[in-house]
Amino acid sequence: MLVQRLPGEDDDSDAWNRAEILSDTITPRELIELSVPEILQRLFHEEDIRLFDPTPFRFHCTCSDERIRDMLRSLGSEEVHDILAEQGQVEVSCDFCGKPYRYDAVDVEQLFLADGSPPTSTTRQ
Ligand SMILES: [Zn+2]
């Protein structure tokens with residue numbers, strides 16, 4: 001259970017103190033077995049309780065192949081080719097979701113072509 005004090009008017013200077021003390025009285029078993037309204041009622045039945053509708057949330061990362069390619073372009077051709085020479089490929093993991101992106105020599109060559117078109121067979125090594 002997370003108890004958070006929100007900013008706002010504080011016409012009841014002891015309210016937070018009470019909330020902390022009452023929160024500490026909940027047992028692990030009650031947290032598992034009771035519903036949220038029951039827990040609130042049990043702990044804070046003397047307080048003015050408002051229960052907001054739950055908002056579903058999901059994790060969504062906005063990373064994409066194109067974004068990673070832009071990031072590699074911003075590193076510069078020399079840096080990216082150094083990594084390629086050192087590791088045989090360029091591997092980037094998204095800092096947020098951990099999704100791996102891998103680029104081989106052909107991908108790297110394509111990254112730094114001025115027009116962004118796929119390399120022709122004569123430029124491939
Ligand atoms: Zn991501």
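Note that the structure is predicted; figures quoted are calculated from it, not measured.

As for the overall build of the chain
Link 1 in the chain: Assigned secondary structure in the chain consists of six helices and two strands.
Link 2 in the chain: Starting at the N terminus and ending at the C terminus, the chain contains elements arranged as α-α-α-α-α-β-β-α.
Link 3 in the chain: Relative to the 2.2 N^0.38 estimate, which gives 14 Å for 125 residues, the radius of gyration of the chain is 27 Å and therefore markedly larger than a compact globule would have.
Link 4 in the chain: The principal-axis extent of the C-alpha atoms belonging to the chain is close to 80 × 35 × 25 Å.
Link 5 in the chain: Out of the 125 residues belonging to the chain, those deemed buried represent 5%.
Link 6 in the chain: Taking the contacts inside the chain whose residues are at least 6 apart along the sequence as the reference set, 34% of them involve residues at least 24 apart.

Points about the environment of S13
Link 1 in the chain: Looking at where S13 falls in the secondary structure, it is placed in the segment before α1 (15-23).
Link 2 in the chain: Along the primary structure S13 and I49 are separated by 36 residues, whereas in three dimensions their C-alpha atoms are 17 Å apart.

Here we look at the domain arrangement of the chain
Link 1 in the chain: According to the domain assignment, the chain consists of domain 1 (15-44) and domain 2 (65-111).
Link 2 in the chain: For domain 1 versus domain 2, the distance between C-alpha centres works out to 50 Å.

A short note on the nonpolar core
Link 1 in the chain: Listed in full, the five residues of the largest apolar core are I68, L72, V80, V90 and Y103.
Link 2 in the chain: Aside from chain neighbours lying at most four places away, what touches V80 is L72, L75, V90, V108 and L111.

Looking at the pairing of strand β2 (residues 100-103)
Link 1 in the chain: As paired elements, strand β1 (residues 90-93) and β2 share four bridges and run antiparallel to each other. Bridge pairing links E91 to R102 in β2.

Digging into the environment of I21
Link 1 in the chain: Along the polypeptide, I21 turns up in helix α1.
Link 2 in the chain: Each C-alpha atom of the pair I21 and L43 lies 9.6 Å from the other, and the pair is 22 residues apart in sequence.

Comments concerning the environment of E109
Link 1 in the chain: With respect to the secondary-structure elements, E109 resides in helix α6 (residues 105-111).
Link 2 in the chain: On the neighbour-count criterion, E109 (18 C-beta atoms within 10 Å) is partly exposed.

Describing the confidence of the model for the chain
Predicted coordinates in areas of low pLDDT are best not read in detail.
Link 1 in the chain: Confidence in the prediction of the chain, expressed as mean pLDDT, is 88, and 90% of residues score 70 or more.
Link 2 in the chain: The low-confidence segment residues 121-125, where pLDDT is below 50, has four contacts with residues more than four positions distant or belonging to other chains.

About the criteria used
Every chain's residues receive numbers from 1 upward, in the order its sequence appears when written. Local features in this predicted model are restricted to residues of pLDDT 70 or higher, and side-chain atom pairs are both shown and tallied only at a pLDDT of 80 or more, whereas totals for entire chains, interfaces and linings draw on every residue. Note on conventions: DSSP H or I runs of at least 4 residues are helices, E runs of at least 2 residues are strands, and numbering of each starts at the N terminus. The size measure is the radius of gyration over C-alpha atoms, and the globule rule it meets is 2.2 Å times the number of residues to the 0.38 power. The burial label depends on the number of other C-beta atoms within 10 Å of a residue's C-beta. Counts of 20 or more mean buried, 12 or fewer mean exposed, and intermediate counts mean partly exposed, with C-beta atoms placed from the backbone. We call two residues in contact when the distance between their C-beta atoms, placed using the backbone, is within 7 Å. These domain limits were set by an automatic method or by a database of domain assignments. Each nonpolar core reported here comprises buried Ala, Val, Leu, Ile, Met, Phe, Trp, Tyr and Cys residues connected via C-beta atoms within 7 Å. Here a strand pair is declared whenever DSSP counts at least two bridges between the two strands. Residue-level confidence of the predictor is what pLDDT reports, using numbers from 0 through 100.

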